[in-house]
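# Report on the structure
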Amino acid sequence: MTPKEVIELAKKHDVKFVDMKFIDFPGVWQHTTIPVNRLDESLFEDGIAFDGSSIRGWQPINASDMIMIPDATTARIDPFYVIPTLSLTNSIFDPITKQPYSRDPRHIAKKAEAYLRQSGLGDTTYMGPEAEFFVFDDVRFDHSQPNAGYYFLDSVEGAWNSGREEFPNLGYKTRHKEGYFPVPPTDTLADFRQTLMTTLMETGVEVEVGHHEVASGGQCEIGLKFKKLVESADQLLWFKYVVKNTARKAGKSATFMPKPLFGDNGSGMHVHQSIWKEGKPLFAGDGYAGLSDLALHYIGGIIKHAKSIAAFTNPTTNSYRRLVPGFEAPVNLAYSSRNRSASCRIPITGPNPKTRRVEVRFPDPSCNPYLAFSAMLMAGIDGIQNKINPGDPMDKDIYGLSPEELKDIPHMPGSLEEALDAVEKDHEFLVKGDVFTKDAIHEWLEFKRNKELNPIRMRPTPHEFFLYYDI
């Protein structure tokens, strides 16, 4: 859409308000709302001002003024407001210089796309994320007191709730790790997912599939059509917004936290990706699994820099509750055709070269997609530029390998601390083309260490009392 078309869309739907959304540094949508009389073509040039010091990881209070400028191509009618409201996704700019803000994740993603074009390797990269999520019926947690802390999750379909007082309890509970594809009544969320998919499609999102996932406790997945990098990140944020609010309307709570349940599968976000040039797919060739040398080198870059990009693709302490052996989490850095235990999988897609792609399986949906997609692209470009050999494919079940067989296979970091240390040492590939600035990387490290890692490291957990109280 053009700004003029956005204004016409607002008139067509008798819009009264415009919701201005933007992404903060950790990856959560923020918003402010303006009356529709402020929606004119100048809004797409001048934007509106806001306080950048109140946004996590951004400006100090002595330099707090910033402006957000909407992108007309992101216009959608918001399906959740009672009063007709138009939604616009914004990018962030300096109010004096009008230059894009270096810590705006959306700007970083735009620079990643520009760097690909500048490199001459390709002109388009496609990203297709598969963000899994849980839908719970009751969620309670608190750790505000120095001497108390807890969490409690409830789900009508969890096997741990077979004794739940439902008056009557009708059984049909999902056993741990057996939630993949059961029909109702075991699958209690079929109607919810259809409502969710309908809402997505009515707001312009192309949906490909929806189903229950492996874990109990209401784990789901909705497959969306792949898009160009920035557009895909925009779409993923809209998807998360629709999922959370559809659940809320249904009296449930959806979370993209990677590992809310102990003893069951966590939520991953497999990301299908490819590079094109002048309308031609560059990942198709006559090499392993129908890949080109360029695609294999891209995988080589992903594997080489995986510990660093994990700081963006798996950016929470909870991410590493998922990245442990035995729960279909790809902790070992290898590539393979069809093999879902490999961190980089080449899906079987038939002879059409346009469908040839690489699926990176270690990311999770807690990530900021603009940063995660950009980090993976930059790692892949580095692999292509330096012709990094990914090694031999691993077509065995990696989870079943002996320690002796595993010792030479690199693996993902075991903690957020390890991932942050890795990106501190290995980030030159990220700062090429000024895509990730040194300032942005420094702030990411400071924020994650001071606001997340250290507070969690200093607090006892319930299981520590179980293990150590009588020590």
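Below is a summary of the structure that appears in this document. (Residues numbered from 1 in each chain as written. Predicted model: local features only at pLDDT ≥ 70, side-chain atom pairs only at ≥ 80, totals over all residues. Heavy atoms only, no water.)

Right, let's talk about a nonpolar patch on the surface for a bit. Nonpolar side chains collect at one region of the surface, where F466, L467, Y468 and I471 lie side by side and expose about 530 Å² of accessible area between them. Residue placement: L467 occurs in helix α14 (residues 462-468). Exposure remark for L467: the relative accessible area of 41% places this residue in the partly exposed category. (Patch = residues over 30% accessible without salt bridge, like charges linked within 9 Å, V, L, I, M, F, W, Y side chains within 5 Å. Areas by Shrake-Rupley, 256 points an atom, 1.4 Å probe, with all protein chains shown as cover. Salt bridge = Lys/Arg side-chain N within 4 Å of Asp/Glu carboxyl O. Helix = DSSP H or I, 4+ residues; strand = E, 2+ residues; numbered from the N terminus. Buried < 20%, exposed > 50% of the residue type's maximum accessible area, 1.4 Å probe, protein only.)

Here the focus is the nonpolar core. Counting 115 residues, the largest nonpolar core has L39, F133, L200 and F239 as its most contacted members. What F133 contacts, discounting residues up to four positions off in sequence, is F192, L196, G218, Q219, C220, E221, I222, F239, V243, T255, F256 and S267. Core analysis: the second largest hydrophobic core is formed by 6 residues, A334, A342, L401 and I409 among them. (Core = buried A, V, L, I, M, F, W, Y, C linked by side-chain atoms within 4.5 Å. Contact = heavy atoms within 4.5 Å.)

Considering the arrangement of structural elements, one finds D426 in the loop between α11 (416-425) and α12 (428-431). Under the relative-accessibility criterion, D426 is labelled partly exposed at 23%. Separated by 252 residues in sequence, D426 and T174 place their C-alpha atoms 43 Å apart. Sequence-distant contacts of D426, that is, excluding residues within four places in its chain, are made with K304, H305 and S308.

This part is about the side chain of T203. Among the secondary structure elements, T203 is positioned in the loop between α4 (190-202) and β10 (207-212). When its relative accessible area of 12% is taken as the criterion, T203 is described as buried. Sequence-distant contacts of T203, defined by excluding residues within four places in its chain, comprise R76, I77, P79 and W238.

Glancing now at the packing of helix α3 (residues 105-119) against helix α9 (residues 369-385). Close contact between α3 and α9 brings their axes to 8 Å; oriented N to C, the two are set at 20 degrees. The angle between the axes of α3 and α9 places the two elements in the roughly parallel class. Of the two elements, α3 crosses α9, and the hand of that crossing is left-handed. Where α3 abuts α9, its residues P105, R106, I108, A109, A112, E113, Y115, L116 and S119 lie against Y370, L371, S374, L377, M378, I381 and Q385. Its residues assigned to classes, the contact of α3 with α9 comprises 11 nonpolar, 3 polar and 2 charged. (Axes fitted to C-alpha atoms, helices over the stretch in contact; angles between N-to-C directions. Parallel < 35°, antiparallel > 145°, perpendicular 65-115°, else oblique. Left-handed = near helix turned anticlockwise from the far one by under 90°. Nonpolar A, V, L, I, M, F, W, Y, C, P; charged D, E, K, R; others polar.)

As a further point, take the packing of aromatic side chains. Aromatic ring pairs are described here by two measures, namely the spacing of the ring centres and the angle between the planes. Overall, the coordinates contain 21 aromatic pairs when judged by the stated rule. Seen from their ring centres, F50 and W58 are 6.5 Å apart, and the 55 degrees between their planes marks the pair as tilted. Accessibility expressed as a relative area gives 5% for W58, which makes it buried. Each ring, one from F134 and one from F136, has its centre 5.6 Å from the other, and the planes form 5 degrees; the classification is stacked. Residue F136 is classed as buried on the basis of its relative accessible area, which comes to 1%. Aromatic ring contacts, followed pair by pair, group F22, F50, W58 and Y101 into a single cluster. (Phe/Tyr/Trp six-rings, centres within 6.5 Å; stacked < 30°, edge-to-face > 60°.)

With that settled, the discussion passes to unusual backbone geometry. With an omega of 10 degrees, the peptide bond between P184 and P185 qualifies as cis. The topology assignment puts P185 in the loop between β9 (148-154) and α4. Backbone geometry at A289 places phi at a positive 55 degrees, although glycine is not the residue there. Mapping A289 onto the fold places it in the loop between β15 (280-281) and α6 (293-304). By relative accessible area, which is 29% here, A289 ends up partly exposed. We note that D434 has phi near 60 degrees; this positive angle belongs to a residue other than glycine.

With the rule as written, the count across this model stands at 20 salt bridges. The salt bridge partner of R457 is E417, with a shortest N-O separation of 3.0 Å. Linking R457 in helix α13 (residues 438-457) with E417 in helix α11, this pair joins segments that are 40 residues apart in sequence. With relative accessibility at 48%, the residue R457 sits in the partly exposed group. The network of salt bridges with shared partners includes D19, K21 and D78.

Moving on, we come to the pairing of strand β2 (residues 29-35). With 7 bridges joining them, strand β1 (residues 17-23) and β2 adopt antiparallel strand pairing. Bridged to F17 within β2 is P35. In textbook terms, the turn of a hairpin is the stretch between consecutive antiparallel strands, and for β1 and β2 this stretch comprises 5 residues, one of which, G27, has a positive phi near 125 degrees. (Pairing = 2+ DSSP bridges.)

Here we come to the side chain of K111. For K111, the position within the fold is in helix α3. Look at K111: it is buried, it has no salt bridge, and the nearest opposite charge is D434 at 4.2 Å. Apart from residues no more than four positions distant in its own chain, K111 is found in contact with D434, V435 and T437. (Lys, Arg positive; Asp, Glu negative; His and termini not counted.)

A separate point is the layout of surface pockets. Put simply, the second largest pocket is a space of about 810 Å³. Taken together, the elements giving at least two residues each to the lining of the second largest pocket come down to β7 (124-136), β10, β11 (219-224) and β14 (269-277). A total of 6 residues in the lining of the second largest pocket trace back to one element, the largest contributor, which is β7. Classifying every residue of the lining of the second largest pocket gives 12 nonpolar, 12 polar and 15 charged. (1 Å grid on protein atoms, 1.4 Å probe; cavity = no way out; pocket = protein on both sides within 12 Å on 5 of 7 lines; lining within 4 Å. Points joined across faces, edges and corners; volume = space filled by probe spheres on them.)

To continue, consider the environment of R193. Along the chain, R193 turns up in helix α4. For the pair R193 and I309, spaced 116 residues apart in sequence, the C-alpha separation works out to 32 Å.

This next bit is on a negative patch on the surface. On the surface, D40, E41, E45 and D46 cluster together into a negatively charged patch. Note that D46 resides in helix α2 (residues 43-46). (Charge placed at Lys NZ, Arg CZ, Asp CG, Glu CD.)

With 7 of 8 residues buried, helix α7 (residues 306-313) is to be regarded as a mostly interior element. Where the residues of α7 are buried, they touch α6, α8 (319-322), α9, α11, α12 and α13.

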